[in-house]
Amino acid sequence: MWLYLLIFLIAVLIYLAARDENEKKWVPLAIYLGGLGLFVACADMLGGYDRYIYGEVFDQISLVTRAGGDVTQTTGYRLYRTEWLFLAFNQLMSFVTVNRYIFIFTLTLIIYTLLFFNIKQYCDDYPFAVILFLGLWFFFTFTYLRQVTAATIGWLAIRYAIERKPIPFFAIVLLAFGFHNSAIVLAPLYFVPQRKFSPALIVVGLALCLVIGMSNIMGGIFGAADAFTDAARIEQNINTFEEGEFRFAYFIEAVFFISLILWQYDLFDEENPSQITLMNMAIIFCVLLLLFVRSENGGRMAWHYIIGIIATITFIAKNTEFTVIRSGIIIMCLLLFLRIFNAWQITNTLYPYKTFFTNGHRTPDYIYEHYEYDPQYDRDKFYK
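Residues numbered from 1 in each chain as written. Predicted model: local features only at pLDDT ≥ 70, side-chain atom pairs only at ≥ 80, totals over all residues. Heavy atoms only, no water.

Caption draft 1: Quick look at helix α15 (residues 273–291). Under the 1.5 Å per step criterion, the end-to-end length of α15 is 26 Å for 19 residues, consistent within 8% with the ideal 27 Å. α15 sits mainly inside the fold: 16 of its 19 residues count as buried. (Helix = DSSP H or I, 4+ residues; strand = E, 2+ residues; numbered from the N terminus. Expected span 1.5 Å × (residues − 1). Buried < 20%, exposed > 50% of the residue type's maximum accessible area, 1.4 Å probe, protein only.)

Caption draft 2: Representation of empty space enclosed by the protein within the structure. A complete count under the given rule lists one cavity of 30 Å³ or more for this structure. Of the voids in this model, the largest cavity is the one considered here, and its volume is about 60 Å³. Looking at the largest cavity, it is lined by 13 residues, and the ones nearest its centre are Asp44, Tyr52, His361, Tyr368 and Lys381. Taken together, the residues that form the lining of the largest cavity break down as four nonpolar, two polar and seven charged. (1 Å grid on protein atoms, 1.4 Å probe; cavity = no way out; pocket = protein on both sides within 12 Å on 5 of 7 lines; lining within 4 Å. Points joined across faces, edges and corners; volume = space filled by probe spheres on them. Nonpolar A, V, L, I, M, F, W, Y, C, P; charged D, E, K, R; others polar.)

Caption draft 3: Representation of the environment of threonine 75. Within the fold, threonine 75 resides in helix α4 (residues 75–79). Judged by its relative accessible area of 24%, threonine 75 falls in the partly exposed class. Taking C-alpha positions, threonine 75 is 9.5 Å from phenylalanine 58, a pair spaced 17 residues apart along the chain.

Caption draft 4: Main features of the environment of aspartate 50. Considering the arrangement of structural elements, one finds aspartate 50 in helix α3 (residues 50–66). In sequence terms aspartate 50 and tyrosine 126 are 76 residues apart; their C-alpha atoms lie 30 Å from each other. Apart from residues no more than four positions distant in its own chain, aspartate 50 is found in contact with Thr143 and Tyr144. (Contact = heavy atoms within 4.5 Å.)

Caption draft 5: The arrangement of the packing of helix α2 (residues 26–41) against helix α7 (residues 126–136) in detail. Taken N-terminus to C-terminus, the directions of α2 and α7 make an angle of 20°; their axes are 10 Å apart at the nearest point. By the angle between their axes, α2 is roughly parallel relative to α7. Handedness of the crossing formed by α2 with α7: right-handed. On α7, the residues touching Trp26, Leu29, Tyr32, Leu33 and Leu36 of α2 are Tyr126, Val130, Phe133 and Leu134. Considering only residue class, the contact of α2 with α7 consists of nine nonpolar, no polar and no charged. (Axes fitted to C-alpha atoms, helices over the stretch in contact; angles between N-to-C directions. Parallel < 35°, antiparallel > 145°, perpendicular 65-115°, else oblique. Left-handed = near helix turned anticlockwise from the far one by under 90°.)

Caption draft 6: Inspection of α3 at higher detail. Relative to the 24 Å expected for 17 residues at 1.5 Å per residue, α3 spans 24 Å between its end C-alpha atoms, a close match to the ideal helical length. Of all 17 residues making up α3, 12 are buried, and the element is well covered by its neighbours. Every buried residue of α3 is accounted for by Asp50, Arg51, Tyr52, Ile53, Tyr54, Gly55, Val57, Phe58, Asp59, Ile61, Ser62 and Thr65. One or two positions beyond α3, positive phi appears at glycine 68, with a value near 75°.

Caption draft 7: Representation of the nonpolar core. Tyr4, Leu33, Leu134, Trp137, Phe138, Phe139 and Phe142 are the most contacted members of the largest nonpolar core, which totals 136 residues. Per element, the largest residue contribution to this core is 13 residues, and it comes from α15. Setting aside residues no more than four positions away along its own chain, phenylalanine 138 makes contact with Tyr4, Ile7, Leu36, Phe39, Val40, Tyr112, Phe133 and Phe337. (Core = buried A, V, L, I, M, F, W, Y, C linked by side-chain atoms within 4.5 Å.)

Here it is as structure tokens:
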């Protein structure tokens, strides 16, 4: 745990060292996110079983491609037939390598590169935005590679929603959709009015979303959509014990963020379309959390709007006169950071940390024991 706490502590120290500077400096942001990206990219299948799914899909596609066979007959094309960009990326990488570790390493660095550009473009205070990222999303970049990539691609479209340029906006959303179909939830952003809604309307709307979420209607819809792919059915089977339960963490996050936004609502300038669009994205993030408050997997739909929360809460922290707000947000991020770490450590998912530069595996490693499909990787990480 101490290694991960050190990562969080470094981010806080960078923020404290830079909080009196008005100039946004992208070099420290690039260095920190670059180091973080390497930390995640070099991990030896840490984070959960999804890495094994994507590793096996890539191994099959790369071997068939190199052999001149029909890749449409591989498992990847059966599981992800509608996610054409993900399949195209697999085939492109197959001309570079047939090793799953190089594939995952490359994809992870692409994720963190896109993350850098999005934080740089949409956030007012880079160090504080990184703290929010660590609390809200960092651990998911270890394992949910397709959906995280789709989200970071989709965020590139936000500027075109702000500028009211539909062609580049929907073109980028289409690319994100091609990596993970859940990115379609970003499409309605273009039609959200660039104005501040009344606080009363927001509260009533969120209460209605909570009622709908408690009925688990949205979770059922999401589950039906998942049934189209075998990978999703595997995931549902693993998380069956949590389906239908009230997701208290979703509720608390939504209440905390919307309360903070409405408390500091006067800070937002309705004449600033960028500011308002990102704030409305933050509200939509809360909407999605409440709609999926009884769905274990459906809450990931909100990830496509999480940059709105990061940018908006960063803006509040930078412009509020209340020091307690900044301190409270950092403490909340630390608690979220620890909550996810502890939840995942039930199966030793993250610690002890190990890179793929050494052979073998950690003991015990329950994910390895259940999902390793090629024992030769254990004997030699670079045997192919």
